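Overview (structure and organization)
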Amino acid sequence: MDDPYPLRPVAEDEFGTWARMVTDTYGSDLSDEQLAHERTATELPRTIAAFDGPAPAGGTAARARVPTVPGALLPVAGVTWVGVAPTHRRRGILTSMMRRQLTDLHTSGAEPIAVLRPSEAAIYGRFGYGPATQGARLRCDKRALRFRPGTDFGDGTVRLLGRDRARPQIEELYDRVRIDTVGWPARDATSWDGRLTDRPEERGGASALRFALHRDADGRTTGYALYRIKQDASGGDGNALRVVELATASRQAYAALWRFLAGFDLVSWIEYEGAVDEPLPYLLTDPRAVRPAPVDRLWVRLIDVDRALAARRYAGTLDLVLDVEDAFCPWNTGRYRWAADHGTAVCARTRATADLRLTAAELGAAFLGGTTLASLAAAGLVQELRAGALSRATAAFRADREPFYP
């Protein structure tokens with residue numbers, strides 16, 4: 001029986017219709033300018049569309065990204081453009097697209113993991129994705145942001161620059177910082193165009209983007225903050241400064257930029273999504289001035305367990321056997337000897353007795369060093385088969401800081 005919704009890549013003359021179908025599933029409009037940018041950023045051979053006759057009814061795509069993982073820079077498939085037309089829900093289209101995408105990545109020997117930011121957290125676990133990073137949505141009471149005596153702000157300065165002058169300095173600093181920041185991806189020119197484009201219709205009623213750069217006493221750029229200000233339309237005290245992105249190469253630059261942001265008059269709140277272990281509360285006399293709300297961010301899917309686990313580095317030495325179950329990508333099911341020592345890691349099939357039993361989704365959740373295997377075991381999702389194996393595996397995955405996707 002023929003598939004009623006056959007899958008294939010999108011052709012050049014179909015891209016606009018397909019892209020608008022996907023964005024329409026989120027209730028969003030796509031301007032001609034946005035469409036042109038997205039076409040530049042999209043590799044058509046890596047798109048998948050489900051068709052109902054000549055009309056697209058679903059879609060997904062993958063973009064090559066290179067984020068920092070513990071001890072390495074790792075090419076990944078950044079999954080995007082996922083959507084099914086509301087007229088075609090609950091017909092198995094999303095499942096068939098996800099299966100095709102992961103199978104194609106596996107058979108081609110492309111990236112060993114896929115990553116995505118889900119619009120809804122309940123969708124992707126059934127496809128073997130695990131929640132690997134969290135962000136902390138910070139709402140800061142600006143009136144209570146008082147820094148601890150002795151806070152080291154350094155001898156640098158903060159200056160506001162226009163976009164054209166700021167951009168090359170921002171790009172250079174970001175590249176310096178991301179090398180040591182787990183979860184941060186490399187950005188090419190097209191990615192930066194999308195990040196810094198400042199269309200009025202996308203500001204949510206806030207101001208145009210501002211660019212604050214920190215320079216140390218020697219004149220080197222050591223930090224930046226991108227922000228907007230949203231006025232309270234009711235005339236109350238709800239004016240908010242929204243930090244879009246912040247990156248620093250020193251603790252002094254971090255403290256100085258936050259002092260700058262906290263110094264705005266007529267602003268009651270500062271909003272920022274940062275890392276779960278953001279240092280800001282520890283700089284303040286009243287840490288409760290920062291109110292964090294955790295939110296899941298990057299979800300990770302191991303496409304090939306052996307290649308993925310061998311691609312990053314681990315804390316300490318390790319030699320364990322994993323019994324992995326993977327119903328959605330059955331080629332991963334089996335036992336693996338996973339070993340690491342002195343900055344090298346290997347992972348290969350074995351018939352040895354297993355030390356831990358888990359699914360590929362749990363390995364994806366733990367892969368960046370955020371979600372711990374111990375917490376997953378406490379939820380009944382990881383089974384320890386040999387005493388001590390769980391604690392060793394948990395410690396091996398962890399890094400010095402929580403992973404964060406900006």
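Refer to the preceding data block for the structure.
Residues numbered from 1 in each chain as written. Predicted model: local features only at pLDDT ≥ 70, side-chain atom pairs only at ≥ 80, totals over all residues. Heavy atoms only, no water.

**Considering the overall build of the protein**
Heads up, the rule is: Helix and strand assignments come from DSSP, with helices taken as H or I runs of at least 4 residues and strands as E runs of at least 2, each series counted from the N terminus. Restricting the calculation to C-alpha atoms gives the radius of gyration, and the globule rule supplies 2.2 Å times the number of residues raised to the power 0.38. For every residue, the accessible area (1.4 Å probe, protein chains only) is compared with the maximum for its type, and the residue is labelled buried under 20%, exposed over 50%, or partly exposed between those bounds. Note on definitions: a residue-residue contact is assigned when non-hydrogen atoms from the two residues lie within 4.5 Å. Positive charges come from Lys and Arg, negative ones from Asp and Glu, while His and the chain ends are left out of the count. Working definition for charges: the position is that of NZ of Lys, CZ of Arg, CG of Asp or CD of Glu.
Of the regular secondary structure elements, the protein holds 10 helices and 21 strands. Taken over the C-alpha trace, the protein has a radius of gyration of 23 Å; the compact-globule value for 406 residues is 22 Å, and the two agree within 12%. When the backbone C-alpha atoms are referred to their principal axes, the protein occupies close to 65 × 55 × 35 Å. Taken over 406 residues, the protein has a buried fraction of 51%. Looking at the protein alone, contacts between residues at least 24 apart form 71% of all its contacts between residues at least 6 apart. Charged side chains of the protein number 53 positive and 52 negative; the gap between the two group centres comes to 3 Å.

**Details of the nonpolar core**
To be explicit about the condition: Take the buried residues of types Ala, Val, Leu, Ile, Met, Phe, Trp, Tyr and Cys, join any two whose side-chain atoms come within 4.5 Å, and each joined set is a nonpolar core.
Tyr224, Leu241, Leu246, Trp258 and Leu261 are the most contacted members of the largest nonpolar core, which totals 47 residues. Grouped together as the second largest cluster of nonpolar side chains are 43 residues, Val69, Cys347, Leu363 and Leu373 included.

**Details of a nonpolar patch on the surface**
Our working definition: Patches in this entry comprise residues that are over 30% relatively accessible and not in a salt bridge; like charges within 9 Å are linked, as are nonpolar side chains (Val, Leu, Ile, Met, Phe, Trp, Tyr) within 5 Å. Note on areas: Shrake-Rupley with a 1.4 Å probe; residue coverage comes only from the protein chains shown. Criterion for a salt bridge: a side-chain nitrogen of Lys or Arg within 4 Å of a carboxyl oxygen of Asp or Glu.
Taken together, the side chains of Val66, Leu73 and Ile179 make up a nonpolar region of the molecular surface, amounting to roughly 210 Å² of accessible area. Along the polypeptide, Val66 turns up in the loop between β3 (55–65) and β4 (68–69).

**Structural notes on the pairing of strand β16 (residues 299–302)**
Inclusion rule: Criterion used throughout: strands pair if DSSP finds at least two bridges between them.
Burial along β16 is two-sided: the face carrying Trp299 and Arg301 and the face carrying Val300 and Leu302 are both buried. Where strand β7 (residues 113–116) meets β16, 4 bridges bridge the pair, whose relative direction is antiparallel. From the neighbouring strand, Val115 faces β16, where its bridge partner is Val300.

**Concerning the side chain of Thr68**
Within the secondary structure, Thr68 is located in strand β4. Its relative accessible area of 3% is what places Thr68 among the buried residues. Apart from residues lying up to four places away in sequence, Thr68 is in contact with Leu73, Arg178, Ile179, Thr181, Val182, Gly183 and Trp184.

**Here's the deal with the packing of helix α1 (residues 15–25) against helix α2 (residues 32–41)**
What counts is decided by this rule: Axis definition: a line fitted to C-alpha atoms, limited for helices to the stretch in contact. Angles are taken between N-to-C directions and run from 0 to 180 degrees. Oblique is the label for any angle not under 35 degrees, not over 145, and not in the 65 to 115 range, which are roughly parallel, roughly antiparallel and roughly perpendicular in turn. Each residue is assigned to one of three groups, with Ala, Val, Leu, Ile, Met, Phe, Trp, Tyr, Cys and Pro labelled nonpolar, Asp, Glu, Lys and Arg labelled charged, and all others, Gly among them, labelled polar.
Relative to each other, α1 and α2 sit at 105°, their axes nearing to 11 Å. Relative to α2, the element α1 lies roughly perpendicular. Here α1 contributes Phe15, Gly16, Ala19 and Arg20 to the contact with α2, which in turn contributes Asp32, Leu35, Glu38 and Arg39. Each residue belonging to the contact of α1 with α2 can be placed in one class, and the counts come to 3 nonpolar, 1 polar and 4 charged.

**Let's talk about unusual backbone geometry**
Only a minority of non-glycine residues have a phi that is not negative, and only a minority of peptide bonds are not trans. Even without being glycine, Arg90 reaches a positive phi, approximately 60°. Here Arg90 is to be found in the loop between β6 (76–84) and α3 (93–108). Its identity as a non-glycine residue notwithstanding, Leu266 has a phi of 60°, on the positive side. Looking at where Leu266 falls in the secondary structure, it is placed in the loop between α6 (251–261) and β14 (269–275). On the basis of relative accessible area, Leu266 is assigned to the exposed category, the value being 75%.

**Let's talk about the sheet that holds strand β10 (residues 157–161)**
Strand pairs in the sheet, formed through backbone hydrogen bonds, run parallel or antiparallel to each other. The 7 strands lie next to each other as β10-β11-β12-β13-β14-β9-β15, forming an open sheet whose pairing is mixed. Edge positions in the sheet fall to β10 and β15 (290–296), since each of these pairs with one other strand and no more. For this sheet, the mean inter-axis angle between neighbouring strands, taken without regard to orientation, is 25°. Sheet analysis places strand β9 (residues 134–141) next to β15, joined by 7 bridges and oriented antiparallel.

**Quick word on the packing of aromatic side chains**
Stated precisely, the cut-off is as follows: Pairing of aromatic rings covers Phe, Tyr and Trp, the last counted by its six-membered ring, and requires centre-to-centre distances within 6.5 Å; plane angles under 30 degrees mean stacked, over 60 mean edge-to-face, and any other angle means tilted. Distance and angle both matter: a charge sits over a ring if NZ of Lys or CZ of Arg is within 6 Å of the ring centre and within 35 degrees of the ring normal.
Taken as a whole and judged by the stated rule, the model has 16 aromatic pairs. Ring centres of Phe15 and Trp81 lie 6.3 Å apart, and the angle between their planes is 75°; on these two criteria the pair is classed as edge-to-face. Separated by 66 residues along the polypeptide, Phe15 in helix α1 and Trp81 in strand β6 bring together distant segments of the chain. In terms of burial, Phe15 and Trp81 fall into one category: buried. For the ring pair Tyr227 and Phe264, a centre distance of 5.5 Å and an interplane angle of 70° mean the geometry is edge-to-face. With a gap of 37 residues between them, Tyr227 in strand β12 (residues 221–230) and Phe264 in the loop between α6 and β14 connect regions that are remote in the sequence. With respect to class, Tyr227 is no different from Phe264; both count as buried. Through pairs of rings, three or more aromatic residues link up here, namely Tyr124, Phe127, Tyr129 and Phe328. Here the basic side chain of Arg39 rests over the ring of Phe15, its NZ or CZ set 5.8 Å away from the ring centre. Its end group placed over the ring of Trp269, Arg143 keeps NZ or CZ at 5.7 Å from the ring centre.

Note that all results are geometric; they support no functional claim without further evidence.
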